[in-house]
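Structural overview
These are the residues of each chain, in order.
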2 protein chains.
Amino acid sequence: MAGLPTLAVVGATGAVGTVMCELLTGRRNVWGEIRLLASERSAGRKVRCRGEELTVQVLTEEALDGVDVAMFDVPDEVAAHWAPIAVSRGAIVVDNSGAFRMDPDVPLVVPEINPEQLRNRPRGIVANANCTTLAMIVAVAPLHRQYGLRELVLASYQAVSGAGQGGADALHDQLAKVAGDRLLGSRTGDVRQAVGDDLGPFPAPLALNVVPWAGSLADGGWSSEEMKMRNESRKILGLPDLKVSATCVRVPVVTGHSVAVHAVFATEIDADGARGVLRNAPGVIVVDDPAAGEFPMPIDAVGTDPSWVGRIRRAVDDPRALDFFVTGDNLRKGAALNTAQIAELLAKTLTHP
Amino acid sequence: MAGLPTLAVVGATGAVGTVMCELLTGRRNVWGEIRLLASERSAGRKVRCRGEELTVQVLTEEALDGVDVAMFDVPDEVAAHWAPIAVSRGAIVVDNSGAFRMDPDVPLVVPEINPEQLRNRPRGIVANANCTTLAMIVAVAPLHRQYGLRELVLASYQAVSGAGQGGADALHDQLAKVAGDRLLGSRTGDVRQAVGDDLGPFPAPLALNVVPWAGSLADGGWSSEEMKMRNESRKILGLPDLKVSATCVRVPVVTGHSVAVHAVFATEIDADGARGVLRNAPGVIVVDDPAAGEFPMPIDAVGTDPSWVGRIRRAVDDPRALDFFVTGDNLRKGAALNTAQIAELLAKTLTHP
Ligand SMILES: NC(=O)c1ccc[n+]([C@@H]2O[C@H](COP(=O)([O-])OP(=O)(O)OC[C@H]3O[C@@H](n4cnc5c(N)ncnc54)[C@H](OP(=O)(O)O)[C@@H]3O)[C@@H](O)[C@H]2O)c1
Ligand SMILES: NC(=O)c1ccc[n+]([C@@H]2O[C@H](COP(=O)([O-])OP(=O)(O)OC[C@H]3O[C@@H](n4cnc5c(N)ncnc54)[C@H](OP(=O)(O)O)[C@@H]3O)[C@@H](O)[C@H]2O)c1
């Protein structure tokens with residue numbers, strides 16, 4: 001593997017990092033050395049990746065030496081601190097966190113949509129979009145190209161693993177507590193009491209519940225997650241005036257973010273035409289036969305690469321509006337896969353002679 | 001109780017009927033005799049209602065004799081057949097099914113919104129709105145009165161008990177099967193296999209999943225439930241040209257339907273003004289302090305009367321649009337409570353001298 005670039009996976013032990021190691025095992029190899037980094041908590045842990053048993057090392061300046069591409073799958077504040085250090089040590093950073101996405105000097109790249117933005121990276125950092133935005137934007141972009149997007153109204157159904165491994169653990173713990181009590185969730189059984197105080201990373205129980213909140217409080221009562229969907233959609237599509245209203249809701253699903261999309265276009269649109277566009281779109285699979293029970297659902301999309309799109313129908317009262325439902329694996333296209341795709345494009349330009 | 005009208009609860013043993021019996025126990029009594037009716041399957045069963053132990057009788061023509069008001073909490077086809085028979089025997093019918101809602105000779109009544117429609121009932125039948133519509137319309141109507149509604153974009157998070165007792169049973173059965181297996185819902189655990197073939201009234205597993213489908217297939221790929229939200233909203237609000245796009249999604253919640261609402265008005269709207277209108281609206285409780293973890297959620301709304309409204313915010317990109325989230329108990333305001341309110345208004349006009 002001499003001549004192939006060196007890859008670091010920073011945060012290799014987290015929800016995204018774990019899927020990244022699996023993905024790297026299955027994809028065509030473009031990497032020389034792969035280095036797995038995390039905090040002191042996980043140092044020394046053995047992880048299988050690309051058929052090799054690798055030892056997780058602590059993220060230090062020295063551990064970044066000689067790295068060509070560093071994927072960052074760590075919390076925002078860790079990425080904000082360490083990504084510039086990795087760049088100063090000679091790496092190109094592909095960051096999965098929210099730390100740099102809206103930085104005008106950092107491209108926000110979805111390879112199916114705007115790969116050309118990769119070349120324009122003055123800070124040496126490329127950002128990966130938020131997982132909820134990614135699931136949806138892969139389907140919205142080709143429709144925009146055909147019909148001219150004017151407005152998006154979005155409602156999400158977000159999986160708990162979107163809040164990291166701690167989110168998935170919390171839901172499993174809660175389900176173990178509520179299962180078997182057939183009164184819970186009805187007027188005679190109190191879910192809050194059954195779940196207790198250990199809510200994991202969430203503000204309320206997720207078992208037998210939906211929680212209309214993700215992220216932190218932004219201006220005007222919006223959540224940071226909702227503002228990400230708006231701002232990242234605008235940046236990825238290059239539409240600074242796009243109207244976007246999103247409602248982000250956490251649901252008791254382990255993996256797989258879904259979004260109900262109402263998209264308004266500049267021209268009239270029909271469902272068959274839209275279906276045709278989506279069938280030809282990279283990274284999209286159309287699953288749209290409700291009479292046969294075929295629509296996008298998290299239990300089917302989990303572990304797969306594409307965005308599943310279905311329930312495609314023209315608005316009854318507006319010939320320029322289309323409604324559809326999208327589900328994508330938040331840990332794959334929503335995170336690790338998109339990062340891997342970006343990193344592989346970079347690797348092509350880096351392979352040493 | 002001589003002189004007070006006789007009430008029949010048809011379908012007294014179902015999900016809605018059971019809640020109806022409880023409600024009748026707690027509300028101010030306006031009824032003389034209460035008669036509980038169901039199919040032969042439940043005949044002879046004892047049910048406590050209003051402090052009395054009542055015996056469920058089979059629904060027959062004779063069982064309807066002398067009934068002043070008959071609440072119908074039975075499937076559509078049973079209501080379609082039996083409601084006219086009840087009318088012919090002298091009863092006024094308040095029907096919870098979908099059989100008569102769009103009949104121009106049947107008023108669709110929400111007492112907080114259009115009680116005056118009660119007087120106009122040429123067929124002797126009054127219809128109760130669909131549970132998803134009800135949760136949302138109680139909040140939308142007062143905003144419409146103030147700001148002039150032009151368009152609704154809706155996405156629902158519907159509880160399994162909306163599909164009757166069989167729906168609630170199915171989710172509990174499924175949760176018992178998936179709880180404890182921490183791989184399920186991730187890429188390494190197959191929920192379909194764990195749940196097996198017994199899906200209850202749903203087209204796919206609900207445990208650890210969301211299912212973007214409710215009802216049957218209507219024109220253009222829309223579901224019947226989505227068309228109900230559109231058509232019933234228009235009828236209740238008296239707005240035959242209202243633009244409505246709804247996406248109806250079933251979620252693993254036992255009771256409590258939620259709706260993410262994007263409402264566009266004729267005039268500019270601000271969140272504080274809207275909050276003021278909603279605080280004064282009958283049947284609404286405003287729960288809107290995200291920083292304190294206060295937003296509407298099924299586990300809190302279950303067993304309560306009002307529609308819980310929160311996440312109230314003006315659209316960032318449209319001063320005439322408001323986004324908010326509503327949760328209501330589908331078995332109470334979504335069904336039994338609204339029916340009881342209507343029936344009590346009718347009882348006032350019926351009390352024998
Ligand atoms: N989950 C998703 O669906 C998703 C989707 C898109 C983007 N993202 C973003 O991806 C990033 C990772 O998310 P996740 O869900 O994988 O989180 P996670 O499960 O909590 O994992 C966090 C990872 O970061 C490492 N880490 C934490 N603090 C560190 C430090 N000071 N130095 C070095 N490593 C440190 C952890 O290592 P230890 O094992 O040593 O603690 C772990 O490997 C976040 O920015 C998240 O917003 C997540
Ligand atoms: N669940 C909700 O959230 C909700 C909300 C609004 C409206 N609705 C509507 O309310 C109605 C009842 O719903 P549900 O959820 O309570 O359903 P459910 O739990 O399935 O109960 C159905 C009831 O109808 C009775 N029934 C069925 N066939 C009958 C027949 N041939 N003759 C007499 N009784 C018969 C059943 O009696 P047995 O015990 O004898 O079978 C049972 O009492 C439906 O039209 C539904 O669409 C439901």
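Under the annotation held in an unreviewed UniProt entry, chain A carries the name Aspartate-semialdehyde dehydrogenase and is attributed to Micromonospora andamanensis. The heading Subunit (unreviewed entry) in the UniProt record of chain A holds the text "Homodimer." Annotation of chain A in UniProt includes, under Catalytic activity (unreviewed entry), the sentence "L-aspartate 4-semialdehyde + phosphate + NADP(+) = 4-phospho-L-aspartate + NADPH + H(+)".

Residue and element names in this part refer to chain A. At a minimum axis separation of 9 Å, helix 1 (residues 15-26) and helix 9 (residues 332-350) run at an interaxial angle of 50 degrees. Comparing their axes, helix 9 and helix 1 come out oblique. Classified by chirality, the crossing of helix 9 by helix 1 is right-handed. Seen from helix 1, the contacting residues are Val16, Val19, Met20 and Leu23; seen from helix 9, they are Arg332, Ala335, Ala336, Leu337, Thr339 and Ala340.

Before going further, it helps to spend a moment on the domain arrangement of chain A. By convention, interface size is frequently given as the accessible area that disappears when the constituent parts associate. Residue and element names in this part refer to chain A. As assigned here, chain A comprises domain 1 (7-128 + 335-350) and domain 2 (132-164 + 203-330). Relative to domain 2, the C-alpha centre of domain 1 lies at a distance of 26 Å. Listed as interface residues are 17 residues of domain 1 and, on the opposing side, 15 residues of domain 2. Between domain 1 and domain 2, the buried area comes to about 1300 Å², and carbon and sulfur atoms account for 66% of it. Summed over the shared surface of domain 1 and domain 2, the number is one salt bridge. Arg101 serves as the salt-bridge partner of Glu232, at 3.2 Å between the closest nitrogen and oxygen. Applying the counting rule to domain 1 against domain 2 returns five residue pairs in polar contact (both at pLDDT 80 or more). It is helix 9 that contributes the most residues to the side of domain 1 that touches domain 2, three residues altogether.

Here we take up the relation of the copies chain A and chain B. Placing chain A over chain B gives an RMSD of 0.0 Å and needs a rotation angle of 180 degrees, together with 0.0 Å of translation along the axis. Such a combination of rotation and displacement between the chain copies is what one expects of a two-fold axis. A share of 100% of the interface residues of chain A reappears at the interface of chain B, consistent with the copies meeting face to face through the same patch.

So, on to the confidence of the model for chain A. Put simply, chain A has an average pLDDT of 96, and 99% of its residues get 70 or more. Across the interface, the model reports ipTM at 0.95; the global pTM reads 0.96.

Quick notes on the rules
Residues numbered from 1 in each chain as written. Chains lettered and ligands numbered in written order. Predicted model: local features only at pLDDT ≥ 70, side-chain atom pairs only at ≥ 80, totals over all residues. Heavy atoms only, no water. UniProt positions renumbered as here; feature names shortened; annotations may be inferred. Axes fitted to C-alpha atoms, helices over the stretch in contact; angles between N-to-C directions. Helix = DSSP H or I, 4+ residues; strand = E, 2+ residues; numbered from the N terminus. Parallel < 35°, antiparallel > 145°, perpendicular 65-115°, else oblique. Left-handed = near helix turned anticlockwise from the far one by under 90°. Contact = heavy atoms within 4.5 Å. Domains from an automatic or database assignment. Buried area = accessible area lost by both parts, 1.4 Å probe. Salt bridge = Lys/Arg side-chain N within 4 Å of Asp/Glu carboxyl O. Polar contact = N/O pair within 3.5 Å; in protein donor to acceptor, adjacent residues only side chain to side chain. Least-squares fit on C-alpha atoms with pLDDT ≥ 70 in both. pLDDT = per-residue confidence, 0-100.

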